[in-house]
Amino acid sequence: VTKGGTHVAVFIGDYFARSSKRSGAWMSAFRNQRKFGGRQSPVIVNVCNFVKGDPALLSWDDARTLFHEFGHALHGMLSDVTYESVSGTSVARDFVELPSQLYEHWLAVPEVLEKHARHYKTGAPMPADLRERLLGAQTYDQGFSTVEYLASALVDLDFHRGAPPADPMARQAEVLARIGMPRSIVMRHATPHFGHVFSGGGYAAGYYSYMWSEVMDADAFEAFEEAGSAFDPGMAAALYEHILSKGGSVEADELYRAFRGRLPGPEALLKGRGLEKVTS
């Protein structure tokens, strides 16, 4: 990867499933960026588990995963800080998902779909009516999805507040009753199989952070919409300067304020999920 003729990073895409891989998708750094002790450019890899065929075709969810992980890759590759310990994705857990979830928004940009979502035999772009139906389906069932997620997040937070509960299932029932959980909806992850609760300090009481990351990414993409284009060069430069290049060298709230001029609110997230009319 070069910028203005200058080497910036090496990017590796390890995209197809094989028996030696664990499941899922992730970004890793074989080498992080730094300036201290001599300039060191990063070596970044995206690992996925797409089905290898002839041709290899991506589902909509596969494509979203591709964009998500490349957002992480941009965070690693475009880092421009002094110390390796705060370079790239070495940021708070909620903030690390901002570049990745933000980059997902470009998958749904009509110009991107027209150029890249093409028929594998004819090369014809996705028909406009199919594109509209695909994009319209993104808000389907979001009320249910939001409630089931938040229920698990609130139970997770409660478990880590004060002394551990003697009876986790009783505490779960108490929390659900307190928040008025609808009887027709269940938690996305109930306590007995809620791996985030028990997987160590990295995720403890942190399940909510994914939605907080979504608050940020929805608000950040709205900045491009307000500028009139998903490809606005001024906003792209601001995203690079204040988010993608800074790593953890500055506190996350300061970086976001520098990019957006303010901290994010939930309005863009509610709009993106089709829930803004529900709350008005």
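On a predicted model such as this, the values are computed, not experimentally measured, just so you know.

Parameters and conventions
Residues numbered from 1 in each chain as written. Predicted model: local features only at pLDDT ≥ 70, side-chain atom pairs only at ≥ 80, totals over all residues. Heavy atoms only, no water. Pairing = 2+ DSSP bridges. Helix = DSSP H or I, 4+ residues; strand = E, 2+ residues; numbered from the N terminus. Axes fitted to C-alpha atoms, helices over the stretch in contact; angles between N-to-C directions. Contact = heavy atoms within 4.5 Å. Parallel < 35°, antiparallel > 145°, perpendicular 65-115°, else oblique. Left-handed = near helix turned anticlockwise from the far one by under 90°. Patch = residues over 30% accessible without salt bridge, like charges linked within 9 Å, V, L, I, M, F, W, Y side chains within 5 Å. Areas by Shrake-Rupley, 256 points an atom, 1.4 Å probe, with all protein chains shown as cover. Salt bridge = Lys/Arg side-chain N within 4 Å of Asp/Glu carboxyl O. Buried < 20%, exposed > 50% of the residue type's maximum accessible area, 1.4 Å probe, protein only. Phe/Tyr/Trp six-rings, centres within 6.5 Å; stacked < 30°, edge-to-face > 60°. 1 Å grid on protein atoms, 1.4 Å probe; cavity = no way out; pocket = protein on both sides within 12 Å on 5 of 7 lines; lining within 4 Å. Points joined across faces, edges and corners; volume = space filled by probe spheres on them.

J.: Any details on the sheet that holds strand E4 (residues 26-31)? Residues and values, ideally.
T.: Overall, mixed pairing links the three strands, which are arranged E3-E5-E4 in an open sheet. On the outer flanks of this sheet lie strand E3 (10-16) and E4, each paired with one strand and no other. Direction aside, neighbouring strands of the sheet carry axes that sit 20° apart on average. Alignment of E4 against strand E5 (residues 43-50), held across five bridges, turns out to be antiparallel. Considered in E5, the bridge of Arg 31 is made with Val 43. Contacting E3, E4 and E5, helix H1 (residues 60-77) crosses the sheet at an angle of about 170° to E5.

J.: Break down the packing of helix H8 (residues 209-227) against helix H9 (residues 233-244) for me, citing the residues and quoting the values.
T.: At a minimum axis separation of 9 Å, H8 and H9 run at an interaxial angle of 155°. It follows that H8 is roughly antiparallel to H9 by the angle criterion. With respect to the hand of their crossing, H8 and H9 are arranged in right-handed fashion. Contacts between H8 and H9 pair Ala 223, Phe 224 and Ala 227 from the former with Met 235, Ala 236 and Leu 239 from the latter.

J.: Account for a nonpolar patch on the surface, with residues named and values stated.
T.: A grouping of Val 10, Ile 12 and Phe 30 is seen on the molecular surface, where their side chains present a nonpolar patch of about 270 Å² in accessible area. With respect to the helices and strands, the residue Phe 30 is situated in strand E4. A relative accessible area of 60% places Phe 30 in the exposed class.

J.: Summarise the environment of Lys 21; cite the residues concerned and give the values.
T.: Structurally, Lys 21 is set in the loop between E3 and E4. Looking at Lys 21, the relative accessible area reads 15%, which means it is buried. Each C-alpha atom of the pair Lys 21 and Asn 49 lies 8.0 Å from the other, and the pair is 28 residues apart in sequence. Residues contacting Lys 21, with those up to four places away along its chain left out, are Asp 14, Tyr 15, Phe 16, Val 47, Cys 48 and Asn 49.

J.: A description of the packing of aromatic side chains should follow, citing residues and the corresponding values.
T.: Enumeration according to the criterion identifies 13 aromatic pairs in this entry. Here the aromatic rings of Phe 11 and Phe 70 are separated by 5.2 Å at their centres, their planes lie at 90°, and the arrangement is edge-to-face. Of this pair, Phe 11 sits in strand E3 while Phe 70 sits in helix H1, placing them 59 residues apart in sequence. Overall, the relative accessible area of 27% leaves Phe 11 in the partly exposed class. Classification of Phe 70 as partly exposed rests on a relative accessible area of 24%. For the ring pair Phe 194 and Tyr 207, a centre distance of 5.0 Å and an interplane angle of 80° mean the geometry is edge-to-face. Of this pair, Phe 194 sits in the loop between helix H6 (168-179) and helix H7 (195-198) while Tyr 207 sits in the loop between H7 and H8; the two residues are 13 residues apart in sequence, bridging distant segments of the chain.

J.: Tell me what's going on with the environment of Ser 229, and back it up with residues and numbers.
T.: In this structure, Ser 229 sits in the loop between H8 and H9. A residue is classified by how much of its surface remains accessible, and Ser 229, at 28% relative accessible area, is partly exposed. In this structure, the C-alpha to C-alpha distance between Ser 229 and Phe 194, residues 35 residues apart in sequence, is 40 Å.

J.: Could you give an account of the layout of surface pockets, naming the residues involved and the relevant values?
T.: The calculated volume of the largest pocket comes to roughly 1,700 Å³. Gln 101, Glu 104, His 105, Glu 214 and Asp 217 are, among the 49 residues lining the largest pocket, the residues nearest its centre. At nine residues, H8 tops the list of elements feeding residues into the lining of the largest pocket. Empty space within the second largest pocket amounts to approximately 1,000 Å³.

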